[in-house]
Protein chains: 2
Amino acid sequence: MHQRSSANDLVLGVDIGGTKTELALVGGSGSVVARERLSTEPRRGAERVVAELADAARRLVSDDAGRIGAVGVSVAGQVQPDGVVVGAPNLGWSGVPLGAMVADALGAPSTIVNDVRAATWAEWRHGAGRGFSDLVVLYLGTGVGGGIVSSGRMLHGAHGTAGELGHTTLVAGGRRCHCRNHGCLEAYVSGWAIAERACEAGLGAPRAVTAEDVAALRQAGDARAIALVQQTGELLGEALVGFINGLGPKRVIIGGGVIEGFPELVAIARDVALARALPAALVDVTIVPALLVNDAPVLGAVELARDTFLER
Amino acid sequence: MHQRSSANDLVLGVDIGGTKTELALVGGSGSVVARERLSTEPRRGAERVVAELADAARRLVSDDAGRIGAVGVSVAGQVQPDGVVVGAPNLGWSGVPLGAMVADALGAPSTIVNDVRAATWAEWRHGAGRGFSDLVVLYLGTGVGGGIVSSGRMLHGAHGTAGELGHTTLVAGGRRCHCRNHGCLEAYVSGWAIAERACEAGLGAPRAVTAEDVAALRQAGDARAIALVQQTGELLGEALVGFINGLGPKRVIIGGGVIEGFPELVAIARDVALARALPAALVDVTIVPALLVNDAPVLGAVELARDTFLER
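The paragraphs below set out a description of the structure included in this document.

How each quantity is defined
Residues numbered from 1 in each chain as written. Chains lettered and ligands numbered in written order. Predicted model: local features only at pLDDT ≥ 70, side-chain atom pairs only at ≥ 80, totals over all residues. Heavy atoms only, no water. Helix = DSSP H or I, 4+ residues; strand = E, 2+ residues; numbered from the N terminus. Rg over C-alpha atoms; globule rule 2.2 N^0.38 Å. Buried < 20%, exposed > 50% of the residue type's maximum accessible area, 1.4 Å probe, protein only. Areas by Shrake-Rupley, 256 points an atom, 1.4 Å probe, with all protein chains shown as cover. Axes fitted to C-alpha atoms, helices over the stretch in contact; angles between N-to-C directions. Parallel < 35°, antiparallel > 145°, perpendicular 65-115°, else oblique. Left-handed = near helix turned anticlockwise from the far one by under 90°. Contact = heavy atoms within 4.5 Å. Nonpolar A, V, L, I, M, F, W, Y, C, P; charged D, E, K, R; others polar. Buried area = accessible area lost by both parts, 1.4 Å probe. Salt bridge = Lys/Arg side-chain N within 4 Å of Asp/Glu carboxyl O. Pairing = 2+ DSSP bridges. Least-squares fit on C-alpha atoms with pLDDT ≥ 70 in both.

### Side note on the overall build of chain A
Consideration 1: Helix and strand counts for chain A come out as 11 helices and 13 strands.
Consideration 2: By the compact-globule yardstick of 20 Å for 312 residues, chain A fits well, its C-alpha radius of gyration being 20 Å.
Consideration 3: When its C-alpha atoms are laid out on the principal axes, chain A stretches across 60 × 45 × 35 Å.
Consideration 4: Looking at chain A as a whole, 60% of its 312 residues are labelled buried.
Consideration 5: Total accessible area on chain A is roughly 12000 Å²; 50% of this is exposed by carbon and sulfur atoms.

Pasting the structure below:
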């Protein structure tokens, strides 16, 4: 076992992506003392990525003079509570014991987290969720993921998957999802789903039209694109009704690349949710865009590690 | 303020219904030492109900010799965290400060809880959820409600409404619900929804056909009734997919009058959920009927009061 970490130790946050790995070293006060971005190729093996990030971490620490007391690592994939990455298609990894590998390489306890849940931690501690105890956070990107904070605690569920709100059935018997369900929220409002629906609406050729094309067409006043965006926002709002009723958040945060491309989705969804959710569940509820953009996962990985390992 | 309760104190559980009030007095070991059922008429005012239940409680305690250290009260309605019953249509109550009234009448701290959430507590501590830390519980009755336990804690949400899973959008743009949303789970699988859908399927006259009629017709081999029940179970299963993916329970418990009338719904829903939820979220997940029937709310109110006020 590792020695007990103290509140004065440095905490390392890492976000492993398909082409780059971000590192952030945070001091006892919670402020970032050093950062680095590495070009990495996860498809060449997790051993190599871990060795490269450990080398970089040692460089960062020797510059700062201190001791890494805990490590948090964010990956785009499904992670078990024991730190095993069950599946991470974008990295080409499955069954990788990343938690143990990182802990061994750095001599510090590690915790591994899905990148969307990591971003939720960052948004909670540093972004639009700061000061709230009950949050629902949704990220609309290539896929749709999220995170749930309830009475000041992030939900993990029995298998570390809690927060996978993109795979909530929104249209029973509806569109096929990339998971094996039909009618998931993701099958309507994700980047891939918007592109598919745009193709069906006659806005472009299969596998050629993108969500960006839809945004440009909408900007140019194309009625089909305007209708598609409106419908997407309304569907998102209908999903929010269920999340607000079932989970009781005080704030709902919506972020991700799709929202950056279609920021109006937040207002459309908000109108539907405020008109349709149970009044008792809606008292003082606010629905807002995410504040953090690129570095949310790496900062969130730090927060999770601090919360997991450091004495407060 | 009330004096601090100790683990040796008696705990009183109360379930206030439309025509009767159930009381259960539980000792330090957790076992029921006395019970009583009162005929009550909540529509004649909350003051009267509270006075009657306080009289009954004093009788129960004088028989037992002890001190009531905490009170838990279950009501069929929406309850704020401060113990105010915002709305309880079946009791004719709105804006009733029940928590303060009960505490004053009995000289002990009180906590008020929605009856379905109370039943979830009972099912967790004494029923099909015993020993589990991550549960989703759904009750299909006249309406549909539920409760969520995550990492050993019952979720309340910011307004005490968490667990209102019946008002999750399952069919966007679908059937009108008794709340102001469309397409809620409740609008398909509750007692009233099954009756409405049965009428539309030609199984009886509007406002005359009941879920019981559907059960009888199904028993008699009516093809329309068989199809209706099958479809109801499949819709329930599609909702479970979202709850399993988003919340990560290890066990899902389904109870309520509709399940007592159509026990086969559990197996139909289970088949859909196990085939459609994310494999990572399904590891060792079991989907089972509720074990407790009539006295779940009163026993759950006891458990909530013990958890809230007693030192363990």
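Moving on from the coordinates now.
### What to know about the packing of helix H5 (residues 191–200) of chain B against helix H7 (residues 223–247) of chain B
A packed helix pair is summarised by two numbers, namely the angle formed by the two axes and the spacing between the axes.
All names here are of chain B.
Consideration 1: Direction vectors running N to C along H5 and H7 enclose 140°, while the axes themselves pass 11 Å from each other. In terms of axis orientation, H5 runs oblique to H7. Crossing hand, H5 versus H7: right-handed. Along its contact with H5, which presents Ile194, Arg197 and Ala198, the element H7 presents Leu228, Gln231, Thr232 and Leu235.
Consideration 2: Taken together, the residues of the contact of H5 with H7 break down into 4 nonpolar, 2 polar and 1 charged.

### Here we look at the interface of chain B and chain A
Consideration 1: Each partner contributes to the interface: chain B provides 47 residues, whereas chain A provides 47 residues.
Consideration 2: Of the roughly 3800 Å² buried between chain B and chain A on both sides combined, carbon and sulfur atoms contribute 53%.
Consideration 3: It is His159, Arg180 and Arg276 of chain B that lose the most area in chain B upon contact with chain A, and together they represent 17% of the buried surface on that side.
Consideration 4: Between chain B and chain A we count 0 salt bridges in total.

### Quick look at the pairing of strand S6 (residues 85–88) of chain A
All names here are of chain A.
Consideration 1: Looking at chain direction, strand S5 (residues 78–79) and S6 are connected through 2 bridges and run antiparallel. Its bridge partner being in S6, Gln78 is matched across the sheet by Gly87.
Consideration 2: The loop that links S5 with its antiparallel partner S6 comprises 5 residues; one of these, Gly83, has a positive phi angle of about 90°.
Consideration 3: Note: S6 against strand S7 (residues 93–96), 3 bridges, orientation antiparallel. Directly across from Ala88, in S7, lies its bridge partner Trp93.

### Overview of H5 of chain B
All names here are of chain B.
Consideration 1: In terms of residue burial, H5 counts as a mostly covered element, since 7 of its 10 residues are buried.
Consideration 2: Listed in full, the buried residues belonging to H5 are Gly191, Trp192, Ala193, Ile194, Ala195, Arg197 and Ala198.
Consideration 3: Looking at the buried positions of H5, the neighbouring elements they touch are helix H4 (186–189), helix H6 (211–219), H7 and helix H8 (257–261).
Consideration 4: Directly after H5, the chain includes Gly202, whose backbone phi takes a positive value near 85°.

### Remarks on the environment of Leu23 of chain A
All names here are of chain A.
Consideration 1: With respect to the helices, strands and loops of the structure, Leu23 is situated in strand S2 (residues 20–26).
Consideration 2: Spatially, the C-alpha atoms of Leu23 and Arg59 are 11 Å apart, while their sequence positions differ by 36 residues.
Consideration 3: Apart from the residues lying within four places of it in its own chain, the contact partners of Leu23 are Leu12, Gly13, Val14, Ala34, Arg35, Glu36, Leu38, Leu53, Ala56, Ala57, Leu60 and Val298.

### Notes on the relation of the copies chain B and chain A
Consideration 1: The transform that puts chain B on chain A rotates by 180° and translates by 0.0 Å along the axis, for an RMSD of 0.0 Å. Expressed as an axis order, the relation between the two copies is that of a two-fold axis.

### Quick look at the pattern of salt bridges
Consideration 1: On inspection of all chains with the given rule, the structure shows 32 salt bridges over all chains.
Consideration 2: In this structure, Arg125 of chain A and Asp307 of chain A form a salt bridge, with 3.3 Å as the shortest nitrogen-oxygen distance. Within this pair, whereas Arg125 of chain A is found in helix H3 (residues 115–126), its partner Asp307 of chain A is found in helix H11 (residues 296–309), the two being separated by 182 residues in sequence.
Consideration 3: In this structure Arg125 of chain A comes out as partly exposed when scored by relative accessible area, which is 22%.
Consideration 4: By relative accessible area, Asp307 of chain A is classed as partly exposed at 38%.
Consideration 5: Arg58 of chain B is the salt-bridge partner of Asp55 of chain B, the closest N and O atoms lying 3.2 Å from each other. Taken together, the positions of Asp55 of chain B and Arg58 of chain B, both in helix H1 (residues 46–64) and 3 residues apart, correspond to about one turn of that helix.

### Some points on unusual backbone geometry
Consideration 1: Not every positive phi belongs to a glycine, and Arg207 of chain A is a case in point at roughly 60°.
Consideration 2: Along the polypeptide, Arg207 of chain A turns up in the loop between helix H5 (191–200) and helix H6 (211–219).
Consideration 3: Residue Arg207 of chain A is classed as exposed on the basis of its relative accessible area of 87%.
Consideration 4: Phi at Ser151 of chain B takes a positive value of approximately 50°, unusual for a residue other than glycine.
Consideration 5: One can find Ser151 of chain B in the loop between strand S10 (144–150) and strand S11 (153–154).
Consideration 6: Residue classification places Ser151 of chain B among the partly exposed residues on the basis of a relative accessible area of 37%.

Keep in mind that these numbers describe shape and distance, not what the molecule does.
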